[in-house]
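Topology and contacts: notes
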Amino acid sequence: MTAAEAVPDLERATLDKAASENFPVAPFFLPRAWRDDLMAVYGFARLVDDIGDGDLAPGGADARVLGVPPAEAEDRLVLLDAFEADLRRVFDGTPRHPLLRRLQPTVRRRSLTPEPFLGLIAANRQDQLVTRYETYDDLLAYCELSANPVGRLVLAVTGTATPERIRLSDAICTALQIVEHLQDVAEDLGRDRIYLPAADMKRFHVQETDLDAKSAGASVRALVAYEAQRAGDLLNEGAPLVGSVHGRLKLLLAGFVAGGRAAIRAIAAAEYDVLPGPPRPGKVQLLREAGVILRGEG
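Described in the following lines is the structure provided in the data block. (Residues numbered from 1 in each chain as written. Predicted model: local features only at pLDDT ≥ 70, side-chain atom pairs only at ≥ 80, totals over all residues. Heavy atoms only, no water.)

So, the overall build of the protein chain
Looking only at helices and strands, one finds 15 helices and zero strands in the protein chain. Relative to the 2.2 N^0.38 estimate, which gives 19 Å for 298 residues, the radius of gyration of the protein chain is 19 Å and therefore close to what a compact globule would have. Principal axes of the C-alpha set define a box for the protein chain whose edges measure 55 × 45 × 30 Å. Expressed as a percentage of the 298 residues in the protein chain, the buried residues total 49%. Taking contacts inside the protein chain between residues at least 6 apart in sequence as the whole, the part at least 24 apart equals 69%. For the protein chain, the accessible surface area stands at approximately 13,700 Å², while carbon and sulfur atoms represent 54% of it. (Helix = DSSP H or I, 4+ residues; strand = E, 2+ residues; numbered from the N terminus. Rg over C-alpha atoms; globule rule 2.2 N^0.38 Å. Buried < 20%, exposed > 50% of the residue type's maximum accessible area, 1.4 Å probe, protein only. Contact = heavy atoms within 4.5 Å. Areas by Shrake-Rupley, 256 points an atom, 1.4 Å probe, with all protein chains shown as cover.)

Okay, here's the thing in structure tokens:
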């Protein structure tokens, strides 16, 4: 199969991953134009994460489309550089990758700027170079690149961005990123990454070897509970964003906050033992949390 023949498969393989995300990407109740644009943004974000995590489809088709030589097709930093170059073509030319060609009309229609997209690429570049975070503030700075641009893009696509809404959105997105890190402690360790701040690990007497167990001991559970509380506080800080908008967007944003809260409850239900695998909330719990938020009770 040639690179050109593989193009449709590259696009579909990435977009199909939306169904397994912790949060609703482009739910049916949104206007079709919003759904199309949010899926275009999702395709970019998912692909850049897959490049950074080494989760691209086997065969090197993405690398070929991006013009990366076969000898460098496994080099994530080279791939990220090529992807960034292709992103810039979205704004001043014709991109090579089908997901970026899909993104181009969205960028033009919504007057999106390069900055949030570049932030997501920078976060994945950082993942190749930084595998430990000393302090919580260091982790927050990483989330500023890895998570907050997504919320900013949602506000931009829906035409609802204001400085205050961006501030609230940043709190929600950082919280969701921290929750995901808590769910994926074991998986991240397998990639030689630890997103639990080293200073907090020291405070709770947790060693890196403690994270490589089949089940978490008391110290690890206490640390996870502490970080989950921090994430919950951030969700509470950002939750007024839901009440600042109306209609279908309110439902979408409620889904984001509810997804985070439901995930935290799932972690708590597992008694903060995240090492056997990521605790995931059920749909009933997610709907219950969304109902609480929409009724203005939380």
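The structure having been displayed, the exposition proceeds.
Some thoughts on the side chain of Asn148
Looking at where Asn148 falls in the secondary structure, it is placed in helix H8 (residues 148–157). Exposure remark for Asn148: the relative accessible area of 2% places this residue in the buried category. Only 2.9 Å separates the side chain of Asn148 from the side chain of Thr174, close enough to count as a polar contact. The residues touching Asn148, leaving out its near neighbours within four places in the chain, are Cys143, Asp170, Cys173 and Thr174. (Polar contact = N/O pair within 3.5 Å; in protein donor to acceptor, adjacent residues only side chain to side chain.)

Let's talk about the pattern of salt bridges
Overall, the coordinates contain 24 salt bridges when judged by the stated rule. Among the salt bridges present, the one from Asp55 reaches Arg191, with a minimum N-O distance of 3.2 Å. Here Arg191 lies in the loop between helix H10 (185–190) and helix H11 (198–203) and Asp55 lies in the loop between helix H2 (32–53) and helix H3 (61–65), a separation of 136 residues in the sequence. With relative accessibility at 33%, the residue Asp55 sits in the partly exposed group. When the shortest N-O distance is used, the salt bridge between Asp127 and Arg193 registers 3.8 Å. With Asp127 in helix H6 (residues 115–129) and Arg193 in the loop between H10 and H11, the pair connects residues that are 66 residues apart, well separated along the chain. Arg193 carries the same exposure label as Asp127, and that label is buried. Sharing partners across several salt bridges, the network here consists of Asp81, Glu84, Arg88 and Arg125. (Salt bridge = Lys/Arg side-chain N within 4 Å of Asp/Glu carboxyl O.)

A short note on the environment of Gly54
Position of Gly54 relative to the elements: it lies in the loop between H2 and H3. The class for Gly54 is partly exposed, based on a relative accessible area of 43%. Distance in space between the C-alpha atoms of Gly54 and Asp75 is 9.0 Å, their sequence separation being 21 residues.

A short note on unusual backbone geometry
Trans peptide bonds make up the majority, and among non-glycine residues the majority have a negative phi. At His205, a residue that is not glycine, the phi angle is positive and equals roughly 60°. Structurally, His205 can be placed in the loop between H11 and helix H12 (218–238). One non-glycine residue, Tyr272, lies in the positive phi region at around 65°. Its place among the elements puts Tyr272 in the loop between helix H14 (247–269) and helix H15 (283–294). You can call Tyr272 partly exposed: its relative accessible area is 26%.

Some points on the environment of Pro240
Here Pro240 shows up in helix H13 (residues 240–243). Taking relative accessible area as the criterion, Pro240 reaches 46% and is therefore assigned partly exposed. Linking Pro240 and Ala254, residues 14 residues apart in sequence, is a C-alpha distance of 9.9 Å.

Regarding empty space enclosed by the protein
Throughout the structure, instances matching the rule amount to three cavities of 30 Å³ or more. Lining the largest cavity, in full, are Gly151, Val154, Leu155, Ser169, Ile172, Cys173, Leu241, Leu253 and Phe256. Those elements giving two or more residues to the lining of the largest cavity turn out to be H8, helix H9 (163–183) and H14. Its residues placed into classes, the lining of the largest cavity shows seven nonpolar, two polar and no charged. In terms of lining residues, the second largest cavity is bounded by His181, Val185, Asp188, Leu189, Arg193, Ile194, Tyr195, Leu196 and Leu211. A per-element tally of the lining of the second largest cavity places H10 first, with three residues. Looking at side-chain class alone, the lining of the second largest cavity contains six nonpolar, one polar and two charged residues. (1 Å grid on protein atoms, 1.4 Å probe; cavity = no way out; pocket = protein on both sides within 12 Å on 5 of 7 lines; lining within 4 Å. Points joined across faces, edges and corners; volume = space filled by probe spheres on them. Nonpolar A, V, L, I, M, F, W, Y, C, P; charged D, E, K, R; others polar.)

Re the packing of aromatic side chains
The geometry of an aromatic ring pair comes down to the distance between the two centres and the angle between the two planes. In the structure shown here, the tally under the stated rule is eight aromatic pairs. Ring centres of Tyr133 and Tyr142 lie 5.4 Å apart, and the angle between their planes is 45°; this geometry places the pair in the tilted category. Owing to a relative accessible area of 4%, Tyr133 belongs among the buried residues under this scheme. Tyr142 gets classed as buried once you look at its relative accessible area, which sits at 4%. The interplanar angle of 45° and the centroid separation of 5.3 Å between the aromatic rings of Phe204 and Tyr226 together place this pair among those described as tilted. Of this pair, Phe204 sits in the loop between H11 and H12 while Tyr226 sits in helix H12; the two residues are 22 residues apart in sequence, bridging distant segments of the chain. On the basis of relative accessible area, Phe204 is assigned to the buried category, the value being 18%. (Phe/Tyr/Trp six-rings, centres within 6.5 Å; stacked < 30°, edge-to-face > 60°.)

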